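# Per-entry structural report
Read off the chains here:
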Amino acid sequence: MHDAQRVAQLRLSALNAMKTANELEREWTASFYGTGTYAAAADKYKLFVENIEQIRRDADPLFLDGWQRDVRPSTADKVGG
């Protein structure tokens, strides 16, 4: 693997990590303040856990894909796909 490919993989991984961290933070904020779907949820904790687990399930393939394929510098800007 070439250095440019390694840099592209690291960049893609960092972008996916940032995207996932932002989604997790937004979910926590919504649950903490009771906004959005949490405003009317009967079981806010259950909803929070379900939503967080979905974010994690969505993020897993992004990270795996970034490290299991031959990433070219031109594709490094495609976060999540």
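Our subject is the structure that appears above.
Everything quoted here is computed from the prediction, not taken from an experiment. (Residues numbered from 1 in each chain as written. Predicted model: local features only at pLDDT ≥ 70, side-chain atom pairs only at ≥ 80, totals over all residues. Heavy atoms only, no water.)

What follows covers the overall build of the protein chain. Helix and strand content of the protein chain: two helices and zero strands. Residues counted as buried form 26% of the 81 residues belonging to the protein chain. For the protein chain, restricting intrachain contacts to residue pairs at least 6 apart in sequence, the fraction spanning at least 24 positions comes to 68%. As displayed, the protein chain offers around 5,700 Å² of accessible surface, 58% of which is attributable to carbon and sulfur atoms. (Helix = DSSP H or I, 4+ residues; strand = E, 2+ residues; numbered from the N terminus. Buried < 20%, exposed > 50% of the residue type's maximum accessible area, 1.4 Å probe, protein only. Contact = heavy atoms within 4.5 Å. Areas by Shrake-Rupley, 256 points an atom, 1.4 Å probe, with all protein chains shown as cover.)

Along the chain, the position of glutamate 27 falls in helix 1 (residues 3-33). Taking the C-alpha atoms as reference points, glutamate 27 and tyrosine 38, eleven residues apart in sequence, are found 9.7 Å from one another. Residues within four places of glutamate 27 in sequence aside, it is in contact with Tyr38, Phe48, Asn51, Ile52 and Ile55.

Between side chains of opposite charge, a pair can form when the charged atoms approach closely. Applying the stated criterion across every chain, the model contains three salt bridges. In this structure, glutamate 23 and lysine 19 form a salt bridge, with 3.0 Å as the shortest nitrogen-oxygen distance. Of this pair, glutamate 23 and lysine 19 both sit in helix 1, four residues apart, which is roughly one turn of the helix. Looking at glutamate 23, the relative accessible area reads 23%, which means it is partly exposed. (Salt bridge = Lys/Arg side-chain N within 4 Å of Asp/Glu carboxyl O.)

Take the packing of aromatic side chains next. This structure, assessed with the given rule, holds two aromatic pairs. Pairing tryptophan 28 with phenylalanine 32 gives two aromatic rings, centres 4.9 Å apart and planes at 15°, and the pair type is stacked. You can see tryptophan 28 and its partner phenylalanine 32 sitting in helix 1, four residues apart, about one turn around the helix. Given a relative accessible area of 45%, tryptophan 28 falls into the partly exposed group. Each ring, one from phenylalanine 32 and one from tyrosine 33, has its centre 4.9 Å from the other, and the planes form 85°; the classification is edge-to-face. These aromatic residues form a ring-pair network of at least three members: Trp28, Phe32 and Tyr33. (Phe/Tyr/Trp six-rings, centres within 6.5 Å; stacked < 30°, edge-to-face > 60°.)

Moving on: the environment of alanine 17. Among the structural elements, alanine 17 can be located in helix 1. Its relative accessible area of 35% is what places alanine 17 among the partly exposed residues. Sequence separation of alanine 17 and phenylalanine 63 is 46 residues, and the distance between their C-alpha atoms is 8.0 Å.

By the secondary structure assignment, serine 31 is in helix 1. A distance of 2.8 Å separates a polar side-chain atom of serine 31 from the backbone oxygen of tryptophan 28. Serine 31 has contacts with Tyr38 and Phe48, leaving out every residue within four places of it along the chain. (Polar contact = N/O pair within 3.5 Å; in protein donor to acceptor, adjacent residues only side chain to side chain.)

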